[in-house]
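Commentary on secondary and tertiary structure
Here's the letter readout for the chains.
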Amino acid sequence: MKKSILAFGFLILILSTKTNAQTGLIAHKAMVVSAREEASKIGVAIMKQGGNAFDAMIATELALAVAYPYAGNLGGGGFMVYRKANGEMGTLDYREKAPLAATKTMFLDKDGNVIKGKSTDTALAIGVPGTIAGIFAVHKKLGSLPMSEILKPVIALAEKGVVVTQKQEKQLKDYRNKVIKINGDKTLFAKNFKEKDTIKYPALATTLKRIAKNGSAEFYKGQTAKILVHYLQQKGAIITLKDLAQYEAKWRKPLVFAYKDLKIIAMPPPSSGGLCLAQIMTMIAPYDVAKMGHNSPDAIQVLVEAERRAYADRSYFLGDPDFVKIPIKALMTTEYAKSRMATFDFEKATLSKDVKEGTVKYNESTETTHYSIVDSFGNAVAATTTLNDAFGSKYYCDELGFFLNNEMDDFSAKPGEPNMFGLIGNEANSIAPSKRMLSSMTPTIVEKNGQLFMVVGSPGGSTIITSVLQTILNVYEYDLGMQAAVNAPRFHHQWLPDVITFEPNTFDAPTLKTLQSKGYHINEKTTPVIGKVDAILVLPNGTLEGGADSRGDDTAVGF
């Protein structure tokens, strides 16, 4: 059995929905699927105490900051999509913001060219964090247990410490020198941690205790805020106490659309995920992708051509809706989708226009993290949180115990120039004070016949959207169970660069040759992982199947 098939508490039944498929954990009442077992267990423990999915969201979010500092955070931000048992739905935007002193040209030289590394590797890359505001907004509106109770196991985890996994050892080793370069050799992560070592986080525990006692104001106006701003300004950041004091998480109307008889509840801008997902699924709906066969050349071609067009629109139209007008309804219509696919021809690739070969590097990233939750009351949460890059900007405030993001890179530093994920930005996503940067995060909840059907999301930079898309299709169109749908090989296209990226050694040679013969450029080399999906499927009998991505240490826990 995979180690992702773990549980504790009540009787867990491991059932197979298919004789030929890998099956994930089956639970009767409630489940959390996240990037680390420790976080999933804490989320489930909160629900066992009588807490709901929203209490579990808070606990899981902060437990990931302890157990998975690679992406879990206090110094970043994210998005949450929820659906209550009564069908009520909503979304929360706790995305980072540009500091008040940010300017449109802050990452350009005197000639107007992008200064390499300035938006990723310097203290100017850090956006105003939203995570703590996010969890307190969730607690105020939807929580049931006292915040002190929810944070208790998270604080205990930080004090007791977290055992390093094999994958985490590699993460720490890969970025150790960068962390030391910025923070000095006395920083916590200067130590050469090995698998099975325990990392304790006393400074983070102390910070969390202050937050538990004083609330969100502790992080944005209190002692924690003062320590943080002092650290940041020593490092050359432009974030001030005023930036922190002005930050607010924002409730937004969910983006809802149909795909055949599914109802998809997704995140609106400044996430590009929901809108891109809506466009792609509307474009492919007229095609019988199930009949074409799972990961067949024809099915891949239909998805790639829809992805190409959606990502091109993403580049031009999308940004922070508080700053730019986005034609959301127009982009989602079936008429528009039909017009976009009018040039599609099964005989040959539709080449992305104006491709500058070699000028855009494609780098897949898993430095975001997603978790999915369903509670015993029938409430569901899909939340994706990030620092942007691995360990964010690598700036680690030892006094507070957490990393800071480098989210400013998600803005378009200059129209037409790619960010670290190779995504091309435009004027709509240009930098402005207090503006939220565009994101690919795609936390998603799916209904079928008016009932909760699936909770899904993924890390992976620009590959998040296509990973979520393929996981939903794997279940709905190809009748795979949740774990099998998550395990299935994935591919990705994002308009520019004009290549289809495949997970290496997972697609057969005839499929790739067929696509090449039609003019598609194939990349199997630079991307070892495309997304790390954590999802929950509600089975016909009402039980829950978890899909925890074996590409990471991801784990489903339930009861």
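Since the structure is predicted, the reported quantities are computational estimates derived from the model, not experimental observations.

Time to look at the sheet that holds strand β7 (residues 250-252). Spatially, seven strands are ordered β7-β4-β3-β11-β10-β2-β21 in an open sheet, and the strand pairing comes out antiparallel. The open sheet has two edge strands, β7 and β21 (555-558), and neither has a second partner. Put simply, the sheet's adjacent strands are angled 15 degrees from each other on average, direction ignored. Pairing between strand β3 (residues 77-83) and strand β11 (residues 380-386): seven bridges, direction antiparallel.

Further remarks concern the side chain of Arg309. With respect to the helices and strands, Arg309 occurs in helix α12 (residues 297-317). Residue Arg309 is classed as buried on the basis of its relative accessible area of 5%. In this structure the side chain of Arg309 is engaged in a polar contact, spanning 2.8 Å, whose partner is the side chain of Glu305. Within polar-contact distance, the side chain of Arg309 engages the backbone oxygen of Arg340 at 2.6 Å. Each residue touching Arg309, except ones within four places of it in the same chain, is listed here: Met283, Arg340, Met341, Thr343, Phe344 and Thr350.

This paragraph deals with the pattern of salt bridges. By the definition in use, this model includes 32 salt bridges. Taking the shortest distance from any N to any O, the salt bridge between Glu37 and Lys41 comes out at 3.0 Å. Here Glu37 pairs with Lys41, and both are found in helix α1 (residues 37-48), just four residues apart, close to one helical turn. With relative accessibility at 26%, the residue Glu37 sits in the partly exposed group. Residue classification places Lys41 among the partly exposed residues on the basis of a relative accessible area of 35%. Note that Lys152 and Glu149 form a salt bridge whose closest N and O atoms lie 3.0 Å from each other. Here Lys152 and its partner Glu149 are both found in helix α4 (residues 147-160), three residues apart, which amounts to about one turn of the helix.

This brings us to the environment of Thr555. Looking at where Thr555 falls in the secondary structure, it is placed in strand β21. Using a relative accessible area of 3% as the deciding quantity, one classes Thr555 as buried. Between the alpha carbons of Thr555 and Pro146 there is a distance of 26 Å; along the sequence they are 409 residues apart.

Bringing the packing of aromatic side chains into the picture now. The full count for this structure, using the stated rule, is 24 aromatic pairs. Plain terms: the ring middles of Phe391 and Phe403 are 5.2 Å apart, the flat faces sit at 45 degrees to each other, and that makes the pair tilted. Of this pair, Phe391 sits in the loop between β11 and β12 (396-397) while Phe403 sits in strand β13 (residues 402-403), and the two are twelve residues apart along the sequence. Assigned by exposure class, Phe391 and Phe403 land together as buried. Stacked on the ring of Tyr247, the Lys or Arg Lys97 has its end atom at 6.0 Å from the ring centre. Lying across the ring of Trp251, Lys141 places its NZ or CZ 4.3 Å from the centre.

Parameters at a glance
Residues numbered from 1 in each chain as written. Predicted model: local features only at pLDDT ≥ 70, side-chain atom pairs only at ≥ 80, totals over all residues. Heavy atoms only, no water. Pairing = 2+ DSSP bridges. Helix = DSSP H or I, 4+ residues; strand = E, 2+ residues; numbered from the N terminus. Axes fitted to C-alpha atoms, helices over the stretch in contact; angles between N-to-C directions. Buried < 20%, exposed > 50% of the residue type's maximum accessible area, 1.4 Å probe, protein only. Polar contact = N/O pair within 3.5 Å; in protein donor to acceptor, adjacent residues only side chain to side chain. Contact = heavy atoms within 4.5 Å. Salt bridge = Lys/Arg side-chain N within 4 Å of Asp/Glu carboxyl O. Phe/Tyr/Trp six-rings, centres within 6.5 Å; stacked < 30°, edge-to-face > 60°. Lys NZ or Arg CZ within 6 Å of the ring centre and 35° of its normal.

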